[in-house]
Amino acid sequence: METLEKAPAKLNLSLDALFRHLDGDPEWRMVMTAIDLADYVHIETRDDSNGIQVQTNTGFLPQDQRNLAFQAAKKLQEQFQIDQGVMITIDKHIPVSAGMGGGSADAAAVLRGLNKLWNLNQSLMDLARIGLEIDSDVPFCVYSCPALVEGKGEKITPLNDLTSLWFVVAKPKASVSTPTILKQIDFSEIQHLNVESVVEAIQQQDWKQLTASMGNSLEPITIQKYPEIIRIKEKMVKFGAEAAQMSGTGPTVFGISTKQSRAQHIYNSLRGFCKEVYLVRPFNLKNCN
Ligand code: ATP
């Protein structure tokens, strides 16, 4: 038995960290969307062994228990006492260590795929709960629809579609370690955001309000080490983006436009400065899981 799951990347339209829990995890308040830049995860169950094997088309990703897709399969095998192996083949397109949740997207794809192949009958909410044990972005990736994300990542409130928006996504050369950035958050200094205004803007499809209230509280931390982020943001705005900001812990920067022609212009112009640039649309509710 086999299945092919699409694993879309995410962007943070708003990202605020409210406080640190006793275990060190931040309390999040974020608005996220999935985009049509995606990995493809092929999952095949195996009767000849109960092992988990992962292969990818990149040379540098772990293929053992350090791979989040492996961890997702292991969790389901253990929790539901499944005595069947699985071969996971990841066709990787999402830039790695970029703030786009690529590993979490792959893990969520494995949870959804094996839920079907092993007839586990778990709801998306159940899969999201299991996914939270792997990474804070996995619950969102299980749904992959525009959402307000709270708690340690487990509280997902779906929002309206972002139908009229285009995103230009630029990944600078640097790779950022998420745990390193999270350790550096100083909760007495962090600038909090009006996340509610972003939620309201999406619900009312008011793109002016959206672009005026977006933000990422972690930007100053990552920018300290990678000032290139500021230069890309400035270029995005200069070429016509209605807003530009970092996604997740970075270093990926994305710009927004409500017009396809303007987004295309930003994309063409940025390709002269940054090697990895994508012109993408949001993943909307009809494509969501
Ligand atoms: P986030 O914003 O959720 O922290 P990210 O986009 O910054 O994610 P990822 O691309 O998910 O980062 O990769 C982060 C780390 O996870 C890397 O060190 C990578 O080796 C590891 N990793 C494990 N499994 C995967 C996977 N399937 N795809 C990508 N990275 C993976």
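The notes below deal with the structure included here. Computed from a prediction, not measured in an experiment: that's the story for all the values here.

## Structural notes on the site of the ligand
Taken together, 21 residues surround the ligand, and among them S97, G103, D106, D137 and T178 come closest. L68 is positioned with one of its backbone polar atoms (N or O) 3.0 Å from a nitrogen atom of the ligand. K92 has a polar side-chain atom sitting 2.9 Å from a nitrogen atom of the ligand. Computed on the free molecule, the ligand has an accessible area of 610 Å², of which 82% lies beneath the protein chains in the complex. Here the shell around the ligand gets three residues from one element, more than from any other, and that element is helix α2 (residues 102-117). Partitioned by chemical class, the residues of the shell around the ligand number eight nonpolar, seven polar and six charged.

## Things to note about unusual backbone geometry
Trans peptide bonds make up the majority, and among non-glycine residues the majority have a negative phi. Of note, the amide linkage connecting G250 to P251 takes the cis form, showing an omega dihedral of 5°. For P251, the position within the fold is in the loop between β9 (243-246) and β10 (253-257). The phi angle at S97 is positive, at roughly 50°, despite the residue not being glycine. With respect to the helices and strands, the residue S97 is situated in the loop between β4 (85-91) and α2.

## Observations concerning the pattern of salt bridges
Using the criterion set out here, one finds 16 salt bridges in the structure. With its nearest N and O atoms 3.8 Å apart, the salt bridge here joins K10 to D137. Note that K10 is positioned in strand β1 (residues 2-20) and D137 in the loop between α3 (124-132) and α4 (138-143), a separation of 127 residues in sequence. For the pair shown, K10 and D137 are each scored as buried. Residues joined by salt bridges that share partners form a network here, namely R29, E150, K155 and E196.

## Observations concerning the state of the cysteines
In a disulfide, the sulfur atoms of two cysteines are held together by a covalent bond. All chains considered together, the criterion is met by zero disulfides. The thiol of C141 is unpaired, and the distance to the nearest cysteine sulfur, on C145, comes to 11 Å.

## So, the packing of aromatic side chains
By the definition in use, this model includes two aromatic pairs. Between F167 and F254, the ring centres sit 5.8 Å apart and the planes meet at 80°, which makes this aromatic pair edge-to-face. Highlighted residues: F167 in strand β7 (residues 166-171) and F254 in strand β10, separated in sequence by 87 residues. Exposure remark for F167: the relative accessible area of 0% places this residue in the buried category. The exposure class assigned to F254 is buried, which follows from its relative accessible area of 0%.

## Regarding the packing of α2 against α3
Put simply, α2 and α3 touch, their axes get as near as 10 Å, and they point 130° apart. Here α2 lies oblique to α3, going by the angle between them. At the point where α2 passes α3, the crossing takes the right-handed sense. Taken together, the residues of α3 that come into contact with α2 (itself represented by L111, R112 and N115) are L127, I130 and G131. Grouping the constituent residues of the contact of α2 with α3 by class yields three nonpolar, two polar and one charged.

Analysis parameters
Residues numbered from 1 in each chain as written. Predicted model: local features only at pLDDT ≥ 70, side-chain atom pairs only at ≥ 80, totals over all residues. Heavy atoms only, no water. Near = heavy atom within 4 Å. Polar contact = N/O pair within 3.5 Å; in protein donor to acceptor, adjacent residues only side chain to side chain. Areas by Shrake-Rupley, 256 points an atom, 1.4 Å probe, with all protein chains shown as cover. Helix = DSSP H or I, 4+ residues; strand = E, 2+ residues; numbered from the N terminus. Nonpolar A, V, L, I, M, F, W, Y, C, P; charged D, E, K, R; others polar. Salt bridge = Lys/Arg side-chain N within 4 Å of Asp/Glu carboxyl O. Buried < 20%, exposed > 50% of the residue type's maximum accessible area, 1.4 Å probe, protein only. Disulfide = S-S within 2.5 Å. Phe/Tyr/Trp six-rings, centres within 6.5 Å; stacked < 30°, edge-to-face > 60°. Axes fitted to C-alpha atoms, helices over the stretch in contact; angles between N-to-C directions. Parallel < 35°, antiparallel > 145°, perpendicular 65-115°, else oblique. Left-handed = near helix turned anticlockwise from the far one by under 90°. Contact = heavy atoms within 4.5 Å.

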